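Take a look at the letters that make up each chain.
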Amino acid sequence: MERAQPPEPNLTVWYDGGCPICSREIAAMRRLDRKGAIAFVDIADTAQPCPVDRTEALARFHVAEGERILSGAAAFGAMWRAIPALRWLGLLARLRPVEHVLERCYRAFLLIRPRLQRLLK
């Protein structure tokens, strides 16, 4: 009997594996992604391909959803939609007012991210 091949990931996530915060977040997402819907790519490894400028990709969260490249809150929303347990949150994040608030929160987080990274290293 032939085994069925797992489906191809329909979302690609580029993350900074050198960031302790990012690594913890991605580890949690990997555990939740039981169906393998997401391809996680550590772009701290320069051998890994990345269609976005690497400096920009290391500074801000990016995903590819089909042909579209999303960043920031929109990228998190796409990742959440790919994980059944978080799909509701990803659908909520599609609403303009919600996405706007999430993006503002994400930008505020990016301002304190370097200090948090130093604390966690």
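Refer to the structure presented above.
Structural notes, computed from the coordinates. (Residues numbered from 1 in each chain as written. Predicted model: local features only at pLDDT ≥ 70, side-chain atom pairs only at ≥ 80, totals over all residues. Heavy atoms only, no water.)

1. Brief notes about the sheet that holds strand 2 (residues 38-42)
Working step 1: The strand order across the open sheet built from four strands is 2-1-3-4, with neighbouring strands paired in mixed fashion. Edge positions in the open sheet fall to strand 2 and strand 4 (68-71), since each of these has one partner strand only. Averaged over all neighbouring strand pairs, the angle between strand axes comes to 20°, with direction disregarded.
Working step 2: Sheet topology places strand 1 (residues 11-15) next to strand 3 (residues 62-65); four bridges connect them, and they run antiparallel. Note that in strand 3 the partner of Trp14 across the bridge is His62.
Working step 3: The sheet contacts of helix 3 (residues 72-81) involve strand 1, strand 2, strand 3 and strand 4, and relative to strand 4 the element is tilted by about 115°. (Pairing = 2+ DSSP bridges. Helix = DSSP H or I, 4+ residues; strand = E, 2+ residues; numbered from the N terminus. Axes fitted to C-alpha atoms, helices over the stretch in contact; angles between N-to-C directions. Contact = heavy atoms within 4.5 Å.)

2. Observations regarding the packing of aromatic side chains
When we look at a pair of aromatic rings, we describe it by the centre distance and by the angle of the planes.
Working step 1: This model, assessed by the stated rule, comprises four aromatic pairs.
Working step 2: Judged by centre distance (4.2 Å) and plane angle (25°), the ring pair of Phe61 and Phe76 falls under stacked. Within this pair, whereas Phe61 is found in the loop between helix 2 (54-59) and strand 3, its partner Phe76 is found in helix 3, the two being separated by 15 residues in sequence.
Working step 3: A network of ring pairs unites the aromatic residues Phe61, Phe76, Trp80, Tyr106 and Phe109 as a single cluster. (Phe/Tyr/Trp six-rings, centres within 6.5 Å; stacked < 30°, edge-to-face > 60°.)

3. Thoughts on the pattern of salt bridges
Working step 1: Evaluated as defined, the whole model comprises five salt bridges.
Working step 2: Across the pair Glu65 and Arg68 runs a salt bridge, and its minimum N-O distance is 2.8 Å.
Working step 3: Here the salt bridges share partners, and the residues they tie into one network are Arg60, Glu103 and Arg107. (Salt bridge = Lys/Arg side-chain N within 4 Å of Asp/Glu carboxyl O.)

4. Considering the pairing of strand 4
Working step 1: Here four bridges tie strand 3 to strand 4, and the two strands are oriented antiparallel to one another. Among the inter-strand pairings, His62 is bridged to a residue of strand 4, identified as Ser71.
Working step 2: Hairpin connection of strand 3 to strand 4: two residues between the antiparallel strands, including Gly66 at a positive phi of 65°.

5. Some thoughts on the packing of helix 3 against helix 5 (residues 96-120)
Working step 1: Axis separation between helix 3 and helix 5 bottoms out at 8 Å; the angle between their running directions is 115°. Put simply, helix 3 runs roughly perpendicular to helix 5. Crossing geometry of helix 3 relative to helix 5 is assigned as right-handed. Of helix 5, the residues touching helix 3 (which contributes Gly72, Ala73, Ala74, Phe76 and Trp80) are Glu99, Leu102, Glu103 and Tyr106.
Working step 2: Across the contact of helix 3 with helix 5, the residue classes break down as six nonpolar, one polar and two charged. (Parallel < 35°, antiparallel > 145°, perpendicular 65-115°, else oblique. Left-handed = near helix turned anticlockwise from the far one by under 90°. Nonpolar A, V, L, I, M, F, W, Y, C, P; charged D, E, K, R; others polar.)

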